[in-house]
Amino acid sequence: MPSCSSTASGASGPGLWRDAGFRRLWAGQTASQLGEHTALVVLPLVAVLTLGAEAGELGFLRAVGQAPVLLLALFVGAWVDRWRTRTVMVLADAGRAVVLGAAAVAGVLGMPGLPALLVVAFTVGALSVFFDVAYQASLVRLVGRDRLLAGNSALEGSRSAAQIGGPALGGALVSLLSAAAAVASGALFFVLSFLSIRRIGGREAVPGRAEGPSRMWRRILEGLRFVAGDPALRAVALASAAFQFSLAATMTVYLLFLPRELHLPGTAVGLALAATGPGALLGSLLAARLPGRLGHGVVLVSAAALGDGVMLCVPALHGSAAVTLPALVAVNFVFGALGQLVNVTVMAVRQALTPDGLQARVAATITFVGMGLTPLGSLTGGLLAQDRGLRTGLLVAAAGMLLSPALMALSPLARLGRTLPARRDAPPAAGRRGGGQPGGGAV
């Protein structure tokens, strides 16, 4: 598929920043991710600190916010492949800004309760599925394949900035100001994203649009078959599912463990969570260099094992905030750095293997498989906290994340070399799987 950027091919990584379209995508995605990460922390903290939600209620709230991935991701992927990604992202930003703005107004009027938070969480989660699938497909349409790793490093670095600012801002606003002000901050970031992305110029080349629901299902099945038929992509999906399920359970217990077991205030909780951001910035920088020097497989397996394993330190923490907060910051910094290294590397591998016409569907399929279990993970975390206690529940949930590097170590991902694998062929027709043969022996 041709790029709409005049500098899309044959340019080096730094040339990305001379591309106005990429700069606007990067700025908009940064603001959007900042709003999303603020909302991901603000809504549970409002439920815990303001509404007094219990473990089961918090798990249910997080599950409702994550359910749109399971319900919508496959349809969104098939749909986005036939539409301009800029249009999808702009509409998703506008919708999230309106929903959070309305929730903030309701908060000022003293109206919101847990049912209202459930509606807000589901709506924001649904629109985030559209945005996240679209921006991943948008990068491939904006830049050449030779710049995918550099482009992903920049975009994932913006997500890191969101991880720095979002939790810290959300925790501070919930603790120091009001729930309404915290929710309103997310709406502001989505407005900024809207303004940036709508200015992306140039015509975006997209295939012809699908006709009718039967064609939509065929396109969804093409994406599913392509991922299932490629050993490396299949491993990405399974490892992602194991990680995201366990991470959802871990974070549900974690958001209860910090204020109730370690007695940290909202500001301290936000600071601890925000520590993943500086680490993730480092991980994004490392991702532009380490896979090419050490090999993509070595980086994926070792970084995932070390990054996930460090979370096992959290349930062992005791004592005052002067002791526990620095330890949490250190743990989250390592987790953020190594997790981001894995994220950027695996995204580049996935995009390199996927034909242009399947980018959104493959992204949505892996998102569906990987994130589809997160509602169940959140519910499981809430049940673990209720039945086994916060420390034991957190230990069990964190240990489950180690299944992800184990799956990668047993897959073709572990054998990836210093160069990205060659692109697979697209399926020649609906119902048939293409791309079964390696394109360059990298896997």
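This section reports on the structure supplied with the text. (Residues numbered from 1 in each chain as written. Predicted model: local features only at pLDDT ≥ 70, side-chain atom pairs only at ≥ 80, totals over all residues. Heavy atoms only, no water.)

## Things to note about the overall build of the protein chain
- Regarding its fold elements, the protein chain presents 17 helices and 0 strands.
- Of all 443 residues assigned to the protein chain, the portion counted as buried reaches 56%.
- Taking contacts inside the protein chain between residues at least 6 apart in sequence as the whole, the part at least 24 apart equals 88%. (Helix = DSSP H or I, 4+ residues; strand = E, 2+ residues; numbered from the N terminus. Buried < 20%, exposed > 50% of the residue type's maximum accessible area, 1.4 Å probe, protein only. Contact = heavy atoms within 4.5 Å.)

## So, a nonpolar patch on the surface
- Side chains of L188, V191, L192 and L195 sit close together on the surface and give an oily, nonpolar patch of about 340 Å² of accessible area.
- Following the sequence through the fold, V191 ends up in helix α6 (residues 179-197). (Patch = residues over 30% accessible without salt bridge, like charges linked within 9 Å, V, L, I, M, F, W, Y side chains within 5 Å. Areas by Shrake-Rupley, 256 points an atom, 1.4 Å probe, with all protein chains shown as cover. Salt bridge = Lys/Arg side-chain N within 4 Å of Asp/Glu carboxyl O.)

## Digging into the nonpolar core
- Ranked by size, the top nonpolar core spans 32 residues in total, and within it Y254, L258, M311, V314 and L328 carry the most contacts.
- For this core, the elements supplying multiple residues, two or more each, are α1 (20-50), α2 (55-80), α8 (231-261), α9 (266-274), α13 (321-353) and α16 (390-400).
- The element that contributes the greatest number of residues to this core is α8, accounting for 8 residues.
- Apart from residues lying up to four places away in sequence, M311 is in contact with T250, Y254, V331, N332, F335, A398 and M401. (Core = buried A, V, L, I, M, F, W, Y, C linked by side-chain atoms within 4.5 Å.)

## A short note on unusual backbone geometry
- Residue H263 is not a glycine yet carries a positive backbone phi of 60°.
- Along the chain, the position of H263 falls in the loop between α8 and α9.

## Digging into the packing of aromatic side chains
- One pass over the full model with this rule turns up 2 aromatic pairs.
- Ring centres of F243 and F335 lie 6.5 Å apart, and the angle between their planes is 25°; this geometry places the pair in the stacked category. Taken together, the residues F243 in helix α8 and F335 in helix α13 connect sequence positions 92 residues apart. Neither residue differs from the other here; F243 and F335 are each classed as buried. (Phe/Tyr/Trp six-rings, centres within 6.5 Å; stacked < 30°, edge-to-face > 60°.)

## Looking at the packing of α2 against helix α4 (residues 114-142)
- Closest axis-to-axis distance for the α2/α4 pair is 8 Å, and the angle between their directions is 35°. As for the relative orientation of α2 and α4, their crossing is right-handed in sense. (Axes fitted to C-alpha atoms, helices over the stretch in contact; angles between N-to-C directions. Left-handed = near helix turned anticlockwise from the far one by under 90°.)

## Notes on empty space enclosed by the protein
- In the structure shown here, the tally under the stated rule is 2 cavities of 30 Å³ or more.
- Considered as a void within the structure, the second largest cavity measures approximately 30 Å³ in volume.
- Sorting the residues of the lining of the second largest cavity by element identifies α1 and α6 as the ones contributing at least two each.
- When residues in the lining of the second largest cavity are grouped by element, the largest group, 5 residues, is from α1.
- Considered class by class, the residues forming the lining of the second largest cavity number 6 nonpolar, 3 polar and no charged. (1 Å grid on protein atoms, 1.4 Å probe; cavity = no way out; pocket = protein on both sides within 12 Å on 5 of 7 lines; lining within 4 Å. Points joined across faces, edges and corners; volume = space filled by probe spheres on them. Nonpolar A, V, L, I, M, F, W, Y, C, P; charged D, E, K, R; others polar.)

## What to know about the pattern of salt bridges
- Scanning all chains against the criterion turns up 4 salt bridges.
- For R96, the salt bridge identified is with E36, shortest N-O distance 3.7 Å. Residue R96 is found in helix α3 (residues 85-108), and its partner E36 is found in helix α1; the two are separated by 60 residues along the sequence. By the burial criterion, R96 is buried, and E36 matches it.

Shape descriptors only; they carry no functional weight alone.
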